[in-house]
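Observations on the model geometry
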Amino acid sequence: MAEQIKSFSISRLTVGATCDFHTKVNELITTATPAALHIETQVVPYTAAITSLSSIVNRSTTFIATAGLKDTDKVRDALVGVINSVVNAHLTNTIASRKEAATRLSAELAPYKGIGRHEYSKQTAEVKGMLAMLALPENAAAITELALDDEVDALQTANEAFEAAFLGKAAEAAERKPQTDLDSKTVVNEANAAYQDIVQVVNAYAIVQPSDEVNQFIHDVNGLVAVYASIAGSSSTGGTAPEGGSGSEEEGGEEEGGERPGGL
């Protein structure tokens, strides 16, 4: 009886476990060599599928630039708050020139109240508008009267720093696009299908043209199958075929309903 690669409910594995299984099988292929196993053609898409699968096991969910965004946003929020607080405080100033400056700026700043609670990109545009308004000659004079020039300059710097951090996040997102575009189910199915193609070829050669390399490979893969079938909460099925038989019994796996509940 020729030993055959057994089937198990591979679809019950997590993405990570599926990747680990295929990676280990691929290592066995490398050891035996694709030529000795007669799978030179099949191993190419299999290796590519494993590479794709590896890239989605732990997708990046956070951005390096996020910390910078939060920090610079806090700075500009604080500065906007300081400017508004100082202007409000001078509304009751008994020094006429400062009260007049505060009155002007209070009216000009009214449309920008509460911008610190707005969405990041909207706030960036609003701060730009606020800075442009404060740069007008009559408003710039009022800012100087209230000694707020340093705060306005710092707000300009903070907003530019935020924009730089935001563009950094966009660049990170662009780099991750090939990974994030991958559909997990599709990638897993491609790896599993490529594996089944290899199983069919190797099982067939175990019957019609057995060799030490083929037999050892089958034996080693069945060891992996036993372990991962247990992880999947199923049993391995098939495993032998009569000498000179028509081919693999591998088809009795998950695709044909050959899975059984329970462990090893």
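Residues numbered from 1 in each chain as written. Predicted model: local features only at pLDDT ≥ 70, side-chain atom pairs only at ≥ 80, totals over all residues. Heavy atoms only, no water.

Focus on the side chain of Q123
In plain terms, the rule: Starting at the N terminus, helices and strands are each numbered in turn, a helix being any DSSP run of H or I of at least four residues and a strand any DSSP run of E of at least two. Throughout, a contact is declared for two residues whenever any of their heavy atoms are within 4.5 Å.
Position of Q123 among the secondary structure elements: in helix α6 (residues 120-134). Once you skip the residues sitting within four places of it in the chain, Q123 turns out to touch D73, R76, D77, I115, G116 and H118.

Topic: the confidence of the model for the protein
Detailed reading of the predicted model is not advised wherever pLDDT is low. Put simply, the rule reads: Per-residue confidence from the predictor is reported as pLDDT, a score between 0 and 100.
Overall, the prediction assigns the protein a mean pLDDT of 85, with 82% of residues at 70 or greater. The secondary structure element of the protein with the lowest average pLDDT is strand β2 (residues 240-241), at 62, and the one with the highest is helix α2 (residues 34-37), at 97. Here residues 244-264 is a poorly scored stretch, pLDDT under 50, and it has 56 contacts once near neighbours within four places are set aside; other chains count.

Some remarks on the packing of aromatic side chains
The criterion, for reference: Paired rings are identified among Phe, Tyr and Trp, the last through its six-membered ring, by centres lying within 6.5 Å, and are further divided according to the angle between planes into stacked (under 30 degrees), edge-to-face (over 60) and tilted (the rest). Burial classification: accessible surface area is computed with a 1.4 Å probe over protein chains only, and a residue below 20% of its type maximum counts as buried, one above 50% as exposed, and the rest as partly exposed.
The full count for this structure, using the stated rule, is 6 aromatic pairs. For the ring pair Y46 and Y195, a centre distance of 6.4 Å and an interplane angle of 35° mean the geometry is tilted. Here the residue Y46 occupies a position in helix α3 (residues 40-57), and Y195 occupies one in helix α9 (residues 184-208), the gap between them amounting to 149 residues. Classification of Y46 by relative accessible area gives buried; the value is 0%. Classification of Y195 as buried rests on a relative accessible area of 4%. Centroid distance Y120 to F162: 5.0 Å. Interplanar angle 70°. Geometry classified as edge-to-face. Of this pair, Y120 sits in helix α6 while F162 sits in helix α8 (residues 149-180), and the two are 42 residues apart along the sequence. Looking at Y120, the relative accessible area reads 30%, which means it is partly exposed.

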